Amino acid sequence: AFLRRAFHRALAPCALSILSENINILVDGILVGQRVGTDGLSAISLCVPVYLILCVVGSFLVSGTAIQASKAIGRRQKERSQQLYHTAIWACLAASILMTAAGLALSRPLSALLCPDADIRPLVREYISITLIGTLPKIFIYIPFWFLRMDGRTRLVARMMLVMSVGNVALDFIFLYPLDMGVAGAAWASVIATAAACALGFFWLCGRESSFRMGRACISGRAEWREVAAAGSPSALNNLLQTLRVLTVNALLMRAGGSELVAVFTAVNCISAFSLAVVDGVPQAASAMLGIYAGERDNDSAALLIRREVRTGLLCCAAFAVAVISGADVIALAYSLPSGSLRFAMVCLAAGMFPALGCSILSGYYNISGHVRWANAIIFCRVFLT
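Residues numbered from 1 in each chain as written. Predicted model: local features only at pLDDT ≥ 70, side-chain atom pairs only at ≥ 80, totals over all residues. Heavy atoms only, no water.

(A) Inspection of the packing of helix H15 (residues 343-368) against helix H16 (residues 372-385) at higher detail. At a closest axis distance of 7 Å, the pairing of H15 and H16 adopts a crossing angle of 155°. Judged by the angle between their axes, H15 and H16 are roughly antiparallel. Regarding H15 and H16, the two cross each other, and that crossing is left-handed. Facing H15, whose interface residues are Ala 356, Cys 359, Ser 360, Leu 362, Ser 363, Tyr 366 and Asn 367, H16 presents Val 372, Trp 374, Ala 375, Ile 378, Ile 379 and Arg 382. The class makeup of the residues in the contact of H15 with H16 is nine nonpolar, three polar and one charged. (Axes fitted to C-alpha atoms, helices over the stretch in contact; angles between N-to-C directions. Helix = DSSP H or I, 4+ residues; strand = E, 2+ residues; numbered from the N terminus. Parallel < 35°, antiparallel > 145°, perpendicular 65-115°, else oblique. Left-handed = near helix turned anticlockwise from the far one by under 90°. Contact = heavy atoms within 4.5 Å. Nonpolar A, V, L, I, M, F, W, Y, C, P; charged D, E, K, R; others polar.)

Below, the structure is given as structure tokens:
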């Protein structure tokens, strides 16, 4: 009964956090498609790999330190958990500075690599450049996203992500319609909203009620860094393989049918991102508790928690599947796509959610319990091999 209550208290804010994060992708796609047209929608899709690379770095550094910190808490090693928190902050700061400088210097060849169509390439470069300017908040936001949940303040994570999504929607309307900034407006809306949410998250994380404190003491040994790298590799691999998948599919669609097919793929990707609120939200709601149980070696509680994840996740998958299949034509209309163009894709997306949920639960468990190779193998098969 205790586990059920604790899990359900964490589930709704965690799912809402992921949902809020992906509202940015959905709204950008709809508003740009309506305002700029298929070229603007295609440009956003072609720029997704750049955003995902930032996610690779942020998730690798922060999830690795956070998982190790949760195990340290389970073992009553408070000082080590603080060191891991400091490590996440300083590592993310260094990575943000390097990626911003390198990305802006290489924005021209990067846009040429992502977009073979010379007509759309200026839009792609514009969006990439603005996204790279906002590298720091886009990487740093992972820190309060993980560590506030570990601190037992999951609702604050949901509020932080809600600020990001609502702010992005509001700024999208302002930048795209009254100011008529085009694709650049959508990019600036995302950067500014993410920066505001990140600042709010750190305000809570650095407050009096927080268990974590700012400091300079970081982990230094090679063995400790290997543990962090191993724990962070599944989350980073997930984002990396998504990047490769988007690059591959975009290239195939550009050759087969040009920007119109890429626009359809963008719409499917946006709805697929929403499904992550269930597929990834259910396992993430249990991740902090599983990490503590792994540190305490409480296998019975871990098994009960995983069974609860499966039952709740299947119900949520069924509800989402019904919603997207019945609303396929409405979704196509919102993206200015032909009626019926998304029906088959929505059926496939709905069917794929159920095995994806099982893969996500298993990979999360294997990662936290120390079987990182199994976690990475499952992620590879789920995200890229198919």
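(B) Layout of the side chain of Thr 194. Topologically, Thr 194 is positioned in helix H9 (residues 183-205). In this view, Thr 194 contacts Pro 137, Lys 138, Ile 141 and Met 164; residues no more than four positions away in its chain are not counted.

(C) Expanded view of the packing of helix H5 (residues 121-133) against H9. Taken N-terminus to C-terminus, the directions of H5 and H9 make an angle of 15°; their axes are 9 Å apart at the nearest point. Classed by the angle they form, the pair H5 and H9 counts as roughly parallel. You can see that H5 and H9 cross each other, and the crossing is right-handed. Each of Leu 123, Glu 126, Tyr 127, Ile 130, Thr 131 and Ile 133 in H5 lies in contact with H9, whose residues at this interface are Val 183, Ala 184, Ala 186, Ala 187, Trp 188 and Val 191. Here the contact of H5 with H9 is composed, by residue class, of ten nonpolar, one polar and one charged.

(D) Region of the structure containing the packing of aromatic side chains. Scanning the model with the defined rule gives seven aromatic pairs in all. Look at Tyr 366 and Trp 374: their rings are 6.2 Å apart centre to centre, the planes differ by 35°, and that puts the pair in the tilted class. Assessed through its relative accessible area of 24%, Tyr 366 is described here as partly exposed. Grouped by ring-pair contacts, the aromatic residues Tyr 85, Phe 147 and Phe 212 constitute a single cluster. (Phe/Tyr/Trp six-rings, centres within 6.5 Å; stacked < 30°, edge-to-face > 60°. Buried < 20%, exposed > 50% of the residue type's maximum accessible area, 1.4 Å probe, protein only.)

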